[in-house]
Amino acid sequence: MSLKALGSGASEPEAKTGVIRLYCHRFCPFSHRAVLVAFHKNIPVEICNINVKDKPDWYLKKSPSGKVPLLEKDGRVLSESLVIAEYLDSVSDGAPLIPRDPFDKALDQMFLESLSLFPILKIHFENERRAEFFEDFIVKVKPLVDELTKRGRKFLAGDEQPGFVDYMIWPFFHHYLALREIYPELQLPRTAVLDSWIASMQQEPAVKELVDVKIYAEFLKLYMEAKYDFDLGL
């Protein structure tokens, strides 16, 4: 299936029985949550990208809100990135990304729910307020630094590989790194644990499958000029 974004007038790709399809947007952090799990666990999914500025009518029937990501299998759909990511982890082979221990799972859920990194996503919508939003982002990152320090591991999930909690947080940092390509002055305070976590995450094969940071930056730059190229880099 082509990775090019489908807009109004595009036909709906034919569905295959038993195959998971992810409706995504290549530059969407919430879509990245779902695809990171799929990439990490080598789940055979179809990725169907949507032009979120010009959505097909058939997509709006599946997702009245028009949001991505959306998971579809055999005519049934799931929405919300965390729900989709957890579903993918639960139906795939191999060691789960979510902790098996119920208490550890609950701790990660509690931490994810308490962490609000959304200010970094506001910058390309209201560029003139970027300094304000970035200062807020710095404050919101502090609990992550504290948690990394407390756990004392390479990743939040352990030393061997990222876990669910790491992958659900990473897309906000992928977005941050893209914005930093445009605005070099947007720099998080240097801390050894955060610098190490970012560097370690960047080396993960699943993370390397995401859109390149420089292409992502070019997309955001165009977006801020009201130019929407969802196929940039293809």
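Residues numbered from 1 in each chain as written. Predicted model: local features only at pLDDT ≥ 70, side-chain atom pairs only at ≥ 80, totals over all residues. Heavy atoms only, no water.

Selection rule: UniProt positions are given in the numbering used here, feature names are shortened, and annotations may be inferred rather than shown by experiment.
Naming follows an unreviewed UniProt entry, where the protein chain appears as Glutathione S-transferase omega-1 of Galendromus occidentalis. Word for word, the UniProt comment on the protein chain under Sequence similarities (unreviewed entry) is "Belongs to the GST superfamily. Omega family."

Concerning the packing of aromatic side chains
Given two aromatic rings, one states the distance between the centres and the angle between the planes to describe the pair. The criterion, for reference: Whether two aromatic rings pair depends on their centres lying within 6.5 Å, for rings of Phe, Tyr and Trp, where Trp uses its six-membered ring; planes under 30 degrees apart make the pair stacked, over 60 edge-to-face, and the rest tilted. Runs of E in the DSSP output that reach at least two residues are strands. Runs of H or I that reach at least four are helices, and both are numbered from the N terminus. Here the term buried applies to any residue with accessible area under 20% of the maximum for its type, exposed to any over 50%, and partly exposed to those in between, with areas from a 1.4 Å probe on protein chains only.
In total, this model carries 19 aromatic pairs according to the counting rule given. Aromatic side chains F30 and F118 sit 6.1 Å apart centroid to centroid with 25 degrees between the ring planes, which places their arrangement in the stacked category. Here F118 lies in the loop between α4 (102-114) and α5 (130-151) and F30 lies in helix α1 (residues 29-40), a separation of 88 residues in the sequence. Judged by its relative accessible area of 25%, F30 falls in the partly exposed class. The exposure class assigned to F118 is partly exposed, which follows from its relative accessible area of 37%. Consider the rings of F134 and Y176, whose centres lie 5.9 Å apart with planes at 20 degrees: the pair is stacked. Residue F134 is found in helix α5, and its partner Y176 is found in helix α6 (residues 164-182); the two are separated by 42 residues along the sequence.

Digging into the sheet that holds strand β3 (residues 70-73)
Hydrogen bonds along the backbone pair up the strands of a sheet, which may run parallel or antiparallel. Quick reminder of the rule: Note on pairing: DSSP must find at least two bridges between two strands before they are called paired. For helices, the fitted line uses only the C-alpha atoms of the stretch in contact; every axis is such a line through C-alpha atoms, and the angle between N-to-C directions lies from 0 to 180 degrees.
One open sheet holds the four strands; their spatial order is β2-β1-β3-β4, and the pairing between them is mixed. This sheet does not close on itself; its edge strands, each paired only once, are β2 (45-49) and β4 (76-79). Direction aside, neighbouring strands of the sheet carry axes that sit 25 degrees apart on average.

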